[in-house]
Amino acid sequence: MSSSAWLRACALTSGLLCTLPTLANPAQSQAPSAAPACLAPASWARTDGVTPQVVDAGGLLTAMAGRAVVLLGEQHDDMDHHRWQLQTLSTLHALRPRMVIGFEMFPRRAQPVLDRWVAGELTEAEFLQQSEWGKVWSMPAELYLPLFHFARMNRIPMLALNIDAELTRRIADKGWDGVPEGEREGVGRPAAAVSAYEDFLFEIHSQHAQMRQHGKDQGKPARGDAAFRNFVDSQLAWDRAMAEALLAGRARHAAADGSLPFAVGIMGSGHVRHGHGVAHQLAALGEPSIGQLMPVEAATPCVELPAGLADAVFAVPALRQPPPPPPRLGVGLDDTDGGIRIAELTPGSLAERSGLRRGDLITEAAGAPVRRSAQLIGLIRRQPAGTWLPLQVMREGKAVEVVVRFPREAR
């Protein structure tokens with residue numbers, strides 16, 4: 001799978017497994033993939049063969065409703081993914097009305113608030129305030145509110161699956177054994193990662209390292225590095241916590257005869273893909289009856305849909321979008337003999353956020369000399385969304401490197 005594919009699959013949260021900008025050559029435009037798409041928009045496809053095979057939605061979801069736990073992946077900032085989750089939840093609920101829904105978005109300490117919300121005791125504003133939504137999750141609540149209201153309206157218990165972000169960071173810093181047992185929020189020691197999951201995490205870890213180095217060669221990370229081993233520990237703890245919470249939630253809502261409800265987990269696709277994340281931990285805890293479903297863009301090339309990615313994927317049709325405006329730095333430029341001087345700097349602009357200052361003399365862009373403002377403006381306007389543009393500026397007689405990080409396109 002290409003870097004862009006797994007980056008789309010990763011979680012976009014305040015935690016560690018997150019979506020990163022594509023580290024493309026800033027001087028070049030990124031051409032769209034020429035690989036053929038192999039999904040029909042608005043269709044389901046199994047991914048257990050060499051190429052995805054279209055399947056009937058009714059039969060697929062009936063089979064999924066027969067599992068103990070089904071995980072629904074997402075890219076957190078994609079509204080269409082949440083619309084797909086709501087549609088899928090509705091169908092599964094019709095097939096298995098006794099259901100609990102687990103959400104990666106909430107740490108365990110928020111469980112009493114979720115219970116009061118489902119019971120109808122809180123307004124929407126009270127629910128978001130008491131669950132500390134703005135602190136525990138970095139995405140707009142509007143993306144998830146339809147799911148929360150679905151649970152409340154149908155009195156489906158909601159489960160807080162996550163651990164506090166601070167614990168995740170501590171494990172990433174010190175490793176699993178570096179955090180005292182009494183400070184792990186009751187999470188048990190995770191099952192060891194399969195080698196393919198370590199490969200996936202190492203690619204993410206390497207991308208993080210490259211971001212911190214601003215593209216400079218300061219030594220490549222190695223799998224034996226303490227930083228990487230701790231990173232793996234943090235991801236496994238995250239997966240384990242969600243697996244434990246799903247099983248504990250089923251047990252907590254068991255019927256009088258001991259029968260357990262159906263559980264659906266809402267989480268980032270990075271925790272779902274290939275069964276290496278939460279499903280692996282569920283199996284280690286003794287629950288093998290797991291379904292895994294993911295939404296993907298309908299235009300996804302076949303090469304980015306390898307065998308075993310999930311039990312099935314749903315091809316999300318593209319939403320027509322207006323062309324984005326060309327990138328703007330927010331500066332006024334003057335051409336001088338020595339380079340391009342920043343004469344004006346708009347407060348809060350991309351230039352200011354990147355560290356540029358009024359009076360800076362821009363001498364290089366993307367590793368090449370620039371002499372005229374028109375040359376720099378043309379380069380900026382051709383810059384793909386989500387990429388970096390390194391600039392060299394002269395400031396108080398010293399050469400300073402500034403990296404402008406262009407935001408990803410809004411969906």
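- Per an unreviewed UniProt entry, the protein goes by PDZ domain-containing protein and derives from Thauera aminoaromatica.

1. A look at the environment of A366
Logical step 1: Tracing the chain through its elements places A366 in the loop between β11 (361–365) and β12 (368–369).
Logical step 2: According to the relative accessible area criterion, A366 is partly exposed, its value standing at 23%.
Logical step 3: When the C-alpha positions of A366 and L389 are compared, they lie 5.8 Å apart, and in sequence the two are 23 residues distant.

2. Some thoughts on the pairing of strand β8 (residues 312–316)
Logical step 1: Counting buried residues in β8 gives five out of five residues, a clear majority hidden from the surface.
Logical step 2: Residues A312, F314 and V316 line one face of β8 and the alternating positions V313 and A315 line the opposite face, and both faces are buried.
Logical step 3: As paired elements, strand β1 (residues 44–46) and β8 share three bridges and run antiparallel to each other. Of the residues in β8, the one forming a bridge with R46 is A312.
Logical step 4: As paired elements, strand β7 (residues 290–297) and β8 share five bridges and run parallel to each other. Residue M294 lies in a different strand from β8, and its bridge partner there is V313.

3. Remarks on the sheet that holds strand β2 (residues 53–55)
Logical step 1: What the eight strands build is an open sheet, ordered β2-β1-β8-β7-β3-β6-β4-β5; its pairing is mixed. Strand pairing shows two members of the sheet lacking a second neighbour, β2 and β5 (158–162), which therefore form its edges. The mean inter-strand angle of the sheet, taken between neighbouring strand axes irrespective of direction, is 30°.
Logical step 2: Bridge analysis of strand β4 (residues 99–107) against strand β6 (residues 262–266) gives five bridges, and the strand direction is parallel. Looking at β6, one finds that M99 is bridged to F262.

4. What to know about the packing of helix α2 (residues 57–64) against helix α3 (residues 79–95)
Logical step 1: Contact geometry for α2 and α3: axes closest at 9 Å, N-to-C directions at 65°. The hand of the α2/α3 crossing is right-handed. Residue-level inspection shows L61, T62 and M64 of α2 in contact with α3, the latter providing T88, T91, L92 and L95.

5. Overview of the environment of E104
Logical step 1: Along the chain, E104 falls in strand β4.
Logical step 2: Considered as a pair, E104 and M267 are 163 residues apart in the sequence and their alpha carbons are 5.1 Å apart.
Logical step 3: In this structure the side chain of E104 is engaged in a polar contact, spanning 3.5 Å, whose partner is the side chain of W238.

6. Some points on helix α7 (residues 145–153)
Logical step 1: Those residues of α7 lying buried are L145, L147, F148, F150 and A151.
Logical step 2: In the stretch just after α7, R155 is the one whose phi turns positive, near 50°.

7. Considerations on the nonpolar core
Logical step 1: Core analysis: the biggest nonpolar cluster contains 45 residues, and F106, F127, F148 and M158 have the highest contact counts within it.
Logical step 2: Once you skip the residues sitting within four places of it in the chain, F148 turns out to touch F103, F106, W117, F127, W133 and M158.
Logical step 3: Counting residues in hydrophobic clusters, the runner-up holds 28 residues, among them A245, V272, V296 and L305.

8. Side note on the pattern of salt bridges
Pairing between side chains of opposite charge can happen when their charged atoms approach one another.
Logical step 1: On inspection of all chains with the given rule, the structure shows 15 salt bridges.
Logical step 2: Close ionic contact of R46 with D48 constitutes a salt bridge, the shortest N to O distance being 3.2 Å.
Logical step 3: Given the relative accessible area of 53%, D48 is considered exposed.
Logical step 4: A salt bridge links E132 to R109, with the nearest nitrogen and oxygen atoms 2.4 Å apart. One end of the pair, E132, is in the loop between α5 (124–130) and α6 (133–136); the other, R109, is in the loop between β4 and α4 (111–118), and 23 residues separate them in sequence.
Logical step 5: What makes E132 partly exposed here is its relative accessible area of 31%.
Logical step 6: Taking the relative accessible area as the measure of exposure, R109 reaches 42% and is therefore partly exposed.

What counts and how
- Residues numbered from 1 in each chain as written.
- Predicted model: local features only at pLDDT ≥ 70, side-chain atom pairs only at ≥ 80, totals over all residues.
- Heavy atoms only, no water.
- Helix = DSSP H or I, 4+ residues; strand = E, 2+ residues; numbered from the N terminus.
- Buried < 20%, exposed > 50% of the residue type's maximum accessible area, 1.4 Å probe, protein only.
- Pairing = 2+ DSSP bridges.
- Axes fitted to C-alpha atoms, helices over the stretch in contact; angles between N-to-C directions.
- Left-handed = near helix turned anticlockwise from the far one by under 90°.
- Contact = heavy atoms within 4.5 Å.
- Polar contact = N/O pair within 3.5 Å; in protein donor to acceptor, adjacent residues only side chain to side chain.
- Core = buried A, V, L, I, M, F, W, Y, C linked by side-chain atoms within 4.5 Å.
- Salt bridge = Lys/Arg side-chain N within 4 Å of Asp/Glu carboxyl O.

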